[in-house]
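Letter by letter, the chains look like this.
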Amino acid sequence: MNARSLVIGGLLPTVLLGLGAVLMKLSMREGSSVPNYLVQVGGTVLCVGLLTTLLGGGWVSSPRAQMFAMLMGLAWATAIGSMAYAISTLGVPVSIIAPLTNSNALVALGVSALVFREWATLDGPRVLAGALLIVLGAIVVATAKS
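Now for a quick tour of the structure.

Parameters at a glance
Residues numbered from 1 in each chain as written. Predicted model: local features only at pLDDT ≥ 70, side-chain atom pairs only at ≥ 80, totals over all residues. Heavy atoms only, no water. Helix = DSSP H or I, 4+ residues; strand = E, 2+ residues; numbered from the N terminus. Buried < 20%, exposed > 50% of the residue type's maximum accessible area, 1.4 Å probe, protein only. Contact = heavy atoms within 4.5 Å. Expected span 1.5 Å × (residues − 1). Polar contact = N/O pair within 3.5 Å; in protein donor to acceptor, adjacent residues only side chain to side chain. Core = buried A, V, L, I, M, F, W, Y, C linked by side-chain atoms within 4.5 Å. Bend = angle between axes of the 7 residues up to and from the residue.

**Quick notes on the overall build of the protein chain**
Next up, step 1: For the protein chain, the helix and strand inventory stands at 6 helices and 0 strands.
Next up, step 2: Starting at the N terminus and ending at the C terminus, the protein chain contains elements arranged as α-α-α-α-α-α.
Next up, step 3: Along the three orthogonal principal directions, the C-alpha set of the protein chain runs to about 50 × 45 × 30 Å.
Next up, step 4: Here the protein chain holds 146 residues, and 14% of them are scored as buried.
Next up, step 5: A sequence separation of at least 24 residues applies to 66% of the contacts in the protein chain between residues at least 6 apart.

Structure (structure tokens):
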């Protein structure tokens, strides 16, 4: 994997998703309801998707690709809605919820290892060490609020 791939596929999403959690709290603090927040974010995602379709490679898809995209949207909207509710209604600090939700890497690791058979290309001991560090980090962060 080259540096460009790491920046575009790793660093940029990391920074933007981290900022996203902060922007979520700002929106909630300014009075947005969770449903309104989801509509605003969803509308923005729709506009960006339409713009990239027009400017980019055009509309390339299949019924199965659309189904998986819709399932991803459902999973994402439910997760973001849950985070917004926890932040706005339950009072969970962003500084705690963001690191906890980033434990999602363990779900992606486990499912992709099985579904895409990526386990064959992974270094087992290193994956286990990394997973253990993620779990320990989540435990530390979850108990960080005094």
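**Quick look at unusual backbone geometry**
Next up, step 1: In this model, R117 sits at a positive phi of 55 degrees, which is unusual for a non-glycine residue.
Next up, step 2: Looking at the secondary structure, you find R117 in the loop between α5 (104-115) and α6 (124-142).

**Regarding helix α2 (residues 34-55)**
Because the α-helix completes a turn every 3.6 residues, residues three or four places apart line up on one side.
Next up, step 1: With 22 residues, α2 ought to run about 32 Å at 1.5 Å a step, and its terminal C-alpha atoms sit 31 Å apart, in line with that.
Next up, step 2: The backbone nitrogen of N36 has a side-chain oxygen 3.2 Å away, supplied by the residue at the start of α2, namely S33.

**Thoughts on the nonpolar core**
Next up, step 1: Grouped together as the largest cluster of nonpolar side chains are 13 residues, with contacts concentrated most on M24, Y37 and A84.
Next up, step 2: Elements with a contribution of two residues or more to this core: α1 (3-29), α2, α3 (63-88) and α4 (94-101).
Next up, step 3: The contacts of Y37, once residues within four sequence positions are left out, are G20, M24, S27, M28, S32, I80 and A84.

**Considering the environment of N102**
Next up, step 1: Within the fold, N102 resides in the loop between α4 and α5.
Next up, step 2: Of the residues examined, N102 reaches a relative accessible area of 49% and is grouped as partly exposed.
Next up, step 3: Separated by 79 residues in sequence, N102 and L23 have C-alpha atoms that sit 16 Å apart.
Next up, step 4: A polar contact is formed between the side chain of N102 and the backbone oxygen of A98, at a distance of 2.9 Å.

**Observations regarding the side chain of S103**
Next up, step 1: With respect to the secondary-structure elements, S103 resides in the loop between α4 and α5.
Next up, step 2: Those residues in contact with S103 that lie beyond four places of it in its chain are I134 and A138.

**Examining α1**
Next up, step 1: For α1, with 27 residues, the first-to-last C-alpha span of 37 Å sits near the 39 Å given by 1.5 Å per residue.
Next up, step 2: Taking the largest bend as the criterion, α1 deviates by roughly 25 degrees, centred on P13.
Next up, step 3: Looking only at α1, the buried set comprises A21, M24 and M28.
Next up, step 4: For α1, the secondary structure elements touched by its buried residues are α2, α3 and α4.
Next up, step 5: The backbone nitrogen of R4 has a side-chain oxygen 3.2 Å away, supplied by the residue at the start of α1, namely N2.
Next up, step 6: G31 lies just past α1 and shows a positive phi near 105 degrees.

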